[in-house]
Amino acid sequence: MPQINALEDFRCFQGITESWELMKTGLIVIRERMYKLELWHSFSNPDVAYYVAVYVQEEGVWRKMADPPFPVGVEADQTLRSAMAFLAEQLAA
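Now for a look at the structure at hand. The numbering scheme is per chain: residues are counted from 1 as the chain's sequence reads. Given that the model is predicted, a residue must reach a pLDDT of at least 70 before its local features are reported, and side-chain atom pairs must reach 80 or more before they are shown or counted; all residues, however, enter totals for whole chains, interfaces and linings. Heavy atoms from the whole structure form the basis of all side-chain values; hydrogens and water molecules are not counted.

**What about the overall build of the chain?**
Right, so step 1: Each helix is a run of DSSP H or I of at least 4 residues and each strand a run of E of at least 2, with the numbering of both proceeding from the N terminus. Regarding its fold elements, the chain presents one helix and five strands.
Right, so step 2: In sequence order, the secondary structure elements of the chain are arranged as β-β-β-β-β-α.
Right, so step 3: Projected onto the principal axes, the alpha-carbon positions of the chain cover approximately 50 × 25 × 25 Å.
Right, so step 4: Burial classes: relative accessible area under 20% of the type maximum marks a residue as buried, over 50% as exposed, and values in between as partly exposed (1.4 Å probe, protein chains only). For the chain, buried positions account for 30% of its 93 residues.
Right, so step 5: We call two residues contacting when some pair of their heavy atoms lies within 4.5 Å. Long-range contacts, defined here as pairs at least 24 residues apart, represent 36% of the contacts in the chain between residues at least 6 apart.
Right, so step 6: Areas reported as accessible are Shrake-Rupley estimates using a 1.4 Å probe. Residue values count occlusion only from the protein chains shown. Total accessible area computed for the chain in this model is approximately 6500 Å², and 52% of it derives from carbon and sulfur atoms.
Right, so step 7: For the purpose of counting charges, residues Lys and Arg are taken to be positive, whereas Asp and Glu are taken to be negative. His and the chain ends are not included. Note on charges: their place is set at NZ of Lys, CZ of Arg, CG of Asp or CD of Glu. Separation of charge centres in the chain, based on 8 positive and 13 negative side chains, amounts to 5 Å.

What follows is the structure, encoded as structure tokens:
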């Protein structure tokens, strides 16, 4: 019997209403500026199974983007691709 991920089993713990797991992080560079992408997976919301948080490096510190795209989707790689496409289009213009 495969073992259930502890975060997937969140409903067994009173008071926990959501559960997310960081699946992947990655860096991209646009116009010599680095962006960190974090792909999160939700165990609690099947309609928003994946979410991408976007951070920009400013003075050596990673800060969440002020007007982030925060793409959401039901497939991991496609959600990450959506974030990359949004950044490339917005920042390359």
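**Quick notes on the pairing of strand S4 (residues 61–64)**
Looking along a regular strand, one sees the side chains alternate between the two faces of the sheet.
Right, so step 1: Strand direction decides the pairing type here: strand S3 (residues 50–58) and S4, joined by four bridges, are antiparallel. Each bridged residue has a counterpart across the sheet, and for Gln57 the counterpart in S4 is Trp62. In this description, strands pair whenever DSSP reports at least two bridges between them.

**Some remarks on the pairing of strand S2 (residues 33–42)**
Right, so step 1: Both strand S1 (residues 20–30) and S2 contribute to a ladder of 10 bridges, which runs antiparallel. When the sheet's bridge partners are listed, Gly26 is paired in S2 with Leu37.
Right, so step 2: As consecutive antiparallel partners, S1 and S2 are separated by two residues, and within that stretch Arg31 has a phi angle of approximately 50°, a positive value.
Right, so step 3: Pairing geometry for S2 and S3, over seven bridges, is antiparallel.

**Describing the packing of aromatic side chains**
The geometry of an aromatic ring pair is captured by two quantities: the separation of the ring centres and the angle between the planes.
Right, so step 1: Only the six-membered ring of Trp is used, alongside the rings of Phe and Tyr, when aromatic pairs are assigned; centres must lie within 6.5 Å, and planes under 30 degrees apart are stacked while those over 60 apart are edge-to-face, with the rest tilted. All chains considered together, the criterion is met by one aromatic pair.
Right, so step 2: Ring geometry for Trp20 versus Tyr51: centroids 5.8 Å apart, planes at 65°, classification edge-to-face. Pair noted here: Trp20 is in strand S1 and Tyr51 is in strand S3, with a separation of 31 residues, a long-range link.
Right, so step 3: Overall, Tyr51 belongs to the partly exposed group, its relative accessible area being 21%.
Right, so step 4: Here the guanidinium or amino end of Lys36 rests over the ring plane of Tyr55, the centre of that ring lying 5.1 Å away. Counted as over-ring charges are cases with an Arg CZ or a Lys NZ within 6 Å of the ring centre that also lie within 35 degrees of the ring normal.

**Quick notes on the nonpolar core**
Right, so step 1: The nonpolar core is taken to be a set of buried Ala, Val, Leu, Ile, Met, Phe, Trp, Tyr and Cys residues, with the residues joined through side-chain atoms within 4.5 Å. By size, the foremost hydrophobic cluster in this structure holds 15 residues, and its most contacted members are Ile28, Tyr35, Leu37, Val52, Val54, Met65 and Leu87.
Right, so step 2: Of all the secondary-structure elements, those providing two or more residues to this core are S1, S2, S3 and helix H1 (76–92).

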